[in-house]
Amino acid sequence: MSLAAGTVVTYPAGAVRSVGTVLHVADAGEGRLAVILDRTAFHPVDSAWPDQPADRGSLRTAAGESVVLDAVVGATRGEGIVLGPDVPVRTGTDGWTFFVAHLVDGAATVSVGDSAEVTVDAAYRGALSAGHTACHLASLALDAALADSWRKEAPADALGAPAFDALAIQDSRILPDGSRDVYRIGKSLRRRGFDPDGLGDLDALAARVNAQLAAWIAAGGVVRIERDGDALADRRTWVCELPGAEARIPCGGTHVASLGELSAVTVAFEASPVEGGVELVMTTTVGRA
Ligand SMILES: [Zn+2]
């Protein structure tokens, strides 16, 4: 048993329970142990792009049950391990093995070779999955609503509109039944051809985005995660059926299985001046069917 294969993850297919074998136990600092399994349903936060937070839940071995206090991506190059923000490379970088580290109280009795059952808080996962699907849809609807604000050819998003979201995003956080995206409209975006006047009245912008979102939700398209493999580091893609198009976005998170699970997705905007430009915050809220 070794860390060389990394962790097989089952959350992309929607699993909220798994049974695995403990591959490694390490001191994670702050009185916590990092428990690494060969297989888990537990979604960890990825420090390289921490949009979706870690799941909540517990880990049970023959010695007892522990609350999982946090779950992070860890990595090794063969000697020693690094966890969370200490991982110096993006998940998937060649030459590294990536795994899910479940952080539990340091007093827990967990040993290499133990069988471990992981149970994820399904209600919290469901709320994050709804928030993550809505976040992707809102970004595409925003790109479409701003498509006329570009004076030059810009890289395209998954639906062919100029990729405002990808070019301007500073921070993206998935919340239970929502998300919060922060964009910066500064010199570099203007140089790429974006006209900041195109934002116009923010309530009118929100109305355009919300009308597009309502049409997409009403169509109730299927959502799925395509994956190159089952390991944490394997590339995964969010695929969503929309009227007349199929949107594909690289994504390591969790999602609903159908837009029919959502009753509404709406956004609101706030803009504030920052040095050299404007910071735009898009808050997305989900209603579930
Ligand atoms: Zn995503």
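Keep in mind the model is a prediction, meaning the values are calculated, not measured. Counting restarts for each chain: residues are numbered from 1 in the order of the written sequence. It should be noted that, the model being predicted, local features are given only for residues of pLDDT at least 70 and side-chain atom pairs only at 80 or more, the latter also being counted only at that level, while totals for whole chains, interfaces and linings use all residues. As a rule here, side-chain values cover all heavy atoms of the structure and leave hydrogens and water aside.

Draft legend 1. A look at the overall build of the chain. Under the scheme used here, helices are H or I runs from DSSP no shorter than 4 residues and strands are E runs no shorter than 2 residues, and both carry numbers assigned from the N terminus. Across its full length, the chain holds four helices and 17 strands. Rg of the C-alpha trace for the chain: 20 Å, near the compact-globule value of 19 Å for 289 residues, within the 12% margin. For the chain, the spread of C-alpha atoms along the principal axes amounts to about 60 × 40 × 30 Å. For each residue, the accessible area found with a 1.4 Å probe, counting protein chains only, is set against the maximum for its type, and the residue is called buried under 20%, exposed over 50%, and partly exposed in between. Counting every position in the chain, which comprises 289 residues, the buried fraction comes to 48%. Residue pairs in contact within the chain that sit at least 24 positions apart in sequence constitute 66% of those at least 6 positions apart. Charge counting treats Lys and Arg as positive and Asp and Glu as negative, with His and both chain ends excluded. To locate a charge, the coordinates of NZ of Lys, CZ of Arg, CG of Asp or CD of Glu are taken. Charge separation in the chain, taken as the distance between the mean sites of 24 positive and 37 negative side-chain charges, equals 4 Å. The globule rule is 2.2 Å times the number of residues to the power 0.38, and the radius of gyration it is compared with is taken over C-alpha atoms. The contact definition used throughout considers only heavy atoms, calling two residues in contact when any of these lie within 4.5 Å.

Draft legend 2. Seen up close, the side chain of Asp-55. You can see Asp-55 is positioned in the loop between strand S4 (39-40) and strand S5 (57-61). With a relative accessible area of 4%, Asp-55 lands in the buried category. Among the polar contacts listed, one links the side chain of Asp-55 to the side chain of Arg-125, at a separation of 2.6 Å. Those residues in contact with Asp-55 that lie beyond four places of it in its chain are Ala-41, Phe-42, His-43, Val-120 and Arg-125. Under the rule applied, a polar contact is a pair of N or O atoms within 3.5 Å (in protein, one hydrogen donor and one hydrogen acceptor; residues adjacent in sequence only if both atoms are side-chain atoms).

Draft legend 3. Spotlight on the side chain of Ser-58. As for its placement among the helices and strands, Ser-58 is situated in strand S5. In this structure the side chain of Ser-58 is engaged in a polar contact, spanning 3.1 Å, whose partner is the side chain of Glu-65. With sequence-adjacent residues up to four places away left out, Ser-58 is seen in contact with Phe-42, Glu-65, Ser-66, Val-67, Val-68, Glu-117, Val-118 and Thr-119.

Draft legend 4. Quick peek at the packing of aromatic side chains. Two aromatic rings from Phe, Tyr or Trp, using only the six-membered ring of Trp, form a pair when their centres are within 6.5 Å; if the ring planes differ by under 30 degrees the pair is stacked, by over 60 it is edge-to-face, and anything between is tilted. In the structure shown here, the tally under the stated rule is three aromatic pairs. Ring geometry for Phe-164 against Tyr-183: centres 5.2 Å apart, planes inclined by 45°, an arrangement best described as tilted. Separated by 19 residues along the polypeptide, Phe-164 in helix H2 (residues 164-168) and Tyr-183 in strand S12 (residues 178-185) bring together distant segments of the chain. Here Phe-164 matches Tyr-183 in class, with each residue buried. Judged by centre distance (5.1 Å) and plane angle (45°), the rings of Phe-164 and Phe-194 are tilted. In this pair, Phe-164 sits in helix H2 while Phe-194 sits in the loop between helix H3 (187-191) and helix H4 (202-219), placing the two residues 30 residues apart along the sequence. Classification of Phe-164 by relative accessible area gives buried; the value is 0%.

Draft legend 5. Geometry of the coordination of the zinc ion. Around the zinc ion, the donor atoms from the protein are His-132 (NE2), His-136 (NE2) and Cys-251 (SG), and they sit 2.1 to 2.3 Å away. When the donor residues of the zinc ion are listed from N- to C-terminus, their spacing reads H-x3-H-x114-C. Placement of the pair is His-132 and His-136 together in helix H1 (residues 122-145), with a separation of four residues, close to one helical turn. There is no split in this pair, since His-132 and His-136 are both buried. Listed donor atoms are N, O and S within 2.8 Å of the metal (Na, K and Ca: 3.2 Å). As water is not included, a site may look incomplete.

Draft legend 6. Representation of the sheet that holds strand S15 (residues 245-250) in the model. Strand pairing requires that DSSP identify at least two bridges connecting the strands. Strand order in the open sheet formed by three strands is S13-S14-S15, and the pairing between neighbours is antiparallel. Whereas interior strands pair on both sides, the edge strands pair on one side only; in this sheet they are strand S13 (223-227) and S15. Here the average twist between neighbouring strands, direction ignored, is 25°. Two elements, strand S14 (residues 236-242) and S15, share six bridges in a ladder whose sense is antiparallel. Residue pairing in the sheet places Leu-242 in a bridge with Ala-245 of S15. Only C-alpha atoms enter the line fits that serve as axes; for helices the fit covers just the stretch in contact. Angles between N-to-C directions range over 0 to 180 degrees.

Draft legend 7. Representation of the nonpolar core. For this analysis, a nonpolar core means a set of buried residues of the types Ala, Val, Leu, Ile, Met, Phe, Trp, Tyr and Cys, connected via side-chain atoms within 4.5 Å. Grouped together as the largest cluster of nonpolar side chains are 42 residues, with contacts concentrated most on Phe-164, Trp-238 and Phe-269. The dominant element in this core, judged by the number of residues it contributes, is H1, at eight residues. Apart from residues no more than four positions distant in its own chain, Phe-269 is found in contact with Leu-142, Leu-202, Leu-205, Ala-206, Val-209, Leu-280, Val-281 and Met-282. Grouped together as the second largest cluster of nonpolar side chains are 16 residues, Leu-33, Val-35, Val-104 and Ala-116 included.

Draft legend 8. Structural detail: the sheet that holds strand S7 (residues 70-76). On the basis of which strands lie adjacent, the open sheet formed by eight strands has the order S6-S5-S10-S2-S3-S9-S7-S8 and antiparallel pairing. The open sheet has two edge strands with one neighbour each: strand S6 (64-68) and strand S8 (82-83). When S5 meets strand S10 (residues 115-120), the two strands line up antiparallel, connected through four bridges. The residue of S10 that forms the bridge with Ser-58 is Thr-119.

Draft legend 9. A look at the packing of H1 against H4. Interhelical geometry of H1 versus H4 gives an angle of 125° and a closest axis separation of 9 Å. Comparing the axis directions of H1 and H4 gives the class oblique. Along this stretch, H1 crosses H4, giving a crossing that reads as right-handed. Of the residues in H4, those in contact with Leu-137, Ala-138, Leu-140, Ala-141, Leu-142 and Ala-145 of H1 are Leu-205, Arg-208, Val-209, Gln-212, Leu-213, Trp-216 and Ile-217. Amino acids are sorted into nonpolar (Ala, Val, Leu, Ile, Met, Phe, Trp, Tyr, Cys and Pro), charged (Asp, Glu, Lys and Arg) and polar (every other residue, Gly among them). Class assignment for the residues of the contact of H1 with H4 results in 11 nonpolar, one polar and one charged. With respect to orientation, any angle under 35 degrees is reported as roughly parallel, any angle over 145 as roughly antiparallel, any angle of 65 to 115 as roughly perpendicular, and every other angle as oblique. If you view the pair so one helix is near and one far, a crossing is left-handed when the near helix is turned anticlockwise from the far one by less than a right angle, and right-handed when it is turned clockwise.

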